[in-house]
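# What the coordinates show
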Amino acid sequence: EPEVTQTPSHQVTQMGQEVILRCVPISNHLYFYWYRQILGQKVEFLVSFYNNEISEKSEIFDDQFSVERPDGSNFTLKIRSTKLEDSAMYFCASNYPSEKLFFGSGTQLSVL
Amino acid sequence: SQQGEEDPQALSIQEGENATMNCSYKTSINNLQWYRQNSGRGLVHLILIRSNEREKHSGRLRVTLDTSKKSSSLLITASRAADTASYFCATAYWGYQKVTFGTGTKLQVIP
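Everything quoted here is computed from the prediction, not taken from an experiment. (Residues numbered from 1 in each chain as written. Chains lettered and ligands numbered in written order. Predicted model: local features only at pLDDT ≥ 70, side-chain atom pairs only at ≥ 80, totals over all residues. Heavy atoms only, no water.)

Along chain A, the regular secondary structure elements total zero helices and 11 strands. Scanning chain A from its N terminus toward the C terminus, one meets helices and strands in the order β-β-β-β-β-β-β-β-β-β-β. Burial statistics for chain A: of 112 residues in total, 44% are counted as buried. Residue pairs at least 24 apart in sequence account for 53% of intrachain contacts in chain A once pairs closer than 6 positions are excluded. Here chain A has roughly 5500 Å² of accessible surface; of this, 46% comes from carbon and sulfur atoms. Distance between charge centroids for chain A: 3 Å, based on 9 positive and 14 negative side chains. (Helix = DSSP H or I, 4+ residues; strand = E, 2+ residues; numbered from the N terminus. Buried < 20%, exposed > 50% of the residue type's maximum accessible area, 1.4 Å probe, protein only. Contact = heavy atoms within 4.5 Å. Areas by Shrake-Rupley, 256 points an atom, 1.4 Å probe, with all protein chains shown as cover. Lys, Arg positive; Asp, Glu negative; His and termini not counted. Charge placed at Lys NZ, Arg CZ, Asp CG, Glu CD.)

Let us now look at the state of the cysteines. Per the counting criterion, the structure on display carries two disulfides over all chains. Between the sulfur atoms of Cys23 of chain A and its disulfide partner Cys92 of chain A the distance amounts to 2.0 Å. When the S-S torsion is -65°, as for the bridge of Cys23 of chain A with Cys92 of chain A, the disulfide is left-handed. Residue Cys23 of chain A is located in strand S3 (residues 19-24), and its partner Cys92 of chain A is located in strand S9 (residues 88-95); the two are separated by 69 residues in the primary sequence. In this model Cys23 of chain B forms its disulfide with Cys89 of chain B; the gap between the sulfur atoms is 2.0 Å. (Disulfide = S-S within 2.5 Å.)

Residues and elements named next belong to chain A. Taking strand neighbours across the sheet as the criterion, the four strands line up as S1-S3-S8-S7 in an open arrangement whose pairing is antiparallel. Here the strands that pair on one side only, and so sit at the sheet edges, are strand S1 (5-7) and strand S7 (65-68). Going across the sheet, the axis of each strand differs from the next one's by a mean of 20°, ignoring polarity. Of the strand pairs in this sheet, S7 and strand S8 (residues 75-79) are connected by four bridges, and their pairing is antiparallel. If you follow Glu68 over to S8, its bridge partner there is Thr76. (Pairing = 2+ DSSP bridges. Axes fitted to C-alpha atoms, helices over the stretch in contact; angles between N-to-C directions.)

What follows concerns the interface of chain B and chain A. In many analyses, interface size is given as the accessible surface area lost on bringing the parts together. Chain B puts 24 residues into the contact, and the matching count from chain A is 24 residues. Approximately 1900 Å² of surface area, both sides summed, lies buried where chain B meets chain A, with 53% of it carried by carbon and sulfur atoms. Here chain B is connected to chain A by one salt bridge. Here Arg50 of chain B ties to Glu99 of chain A by a salt bridge, and the two come within 2.6 Å at their closest N and O atoms. Breaking the side of chain B that touches chain A down by element, the ones donating at least two residues are strand S4 (31-37), strand S5 (43-50) and strand S10 (99-101) of chain B. Looking at the side of chain B that touches chain A residue by residue, the class counts come to eight nonpolar, 12 polar and four charged. (Buried area = accessible area lost by both parts, 1.4 Å probe. Salt bridge = Lys/Arg side-chain N within 4 Å of Asp/Glu carboxyl O. Nonpolar A, V, L, I, M, F, W, Y, C, P; charged D, E, K, R; others polar.)

Here it is, written out as structure tokens:
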């Protein structure tokens, strides 16, 4: 079965630093998403992306966050100035035309 | 927010028993999906039920949807130790723009 891949699997950064989380969605999918999960708790929607623009974003997705599809395969989430509370597992997902979401294995971000 | 709430938050059963998890949501939906997450891993899609469907089966899984009560249930029959995981419901209210997840039920199946 096709997979969504995410790199790196773990990222440790200092507070205030910029981080870029990378994802390769499934090749024929057209909708891409970022979610985050803190300590195995609820899975929070951050943003959806379609046709090279943000489709919808949550209140969590403030000006410190941005997404980009820099080429035909990668989808990135950038956090400009990380805060302690940004520490979480970040999941990338893709779908459409499939309705079901395919998730990557996640990037565990630790902000020190 | 239309985020769902699962009930119970945690469930512990013996192998072979049935496990039932419930999900409630707040707004009208297009479809409702159930996902499974093994500890620390990505979520895996289990089953999708559309707003005009009332019940759906897939193997040992049975999902019901009651749109008048804005609730769904997931039944896992004849549970196995390998079913130990967290289970989340997810709702899409229109199109693909936003799929939101509930709070999850942690299921432990004791061998």
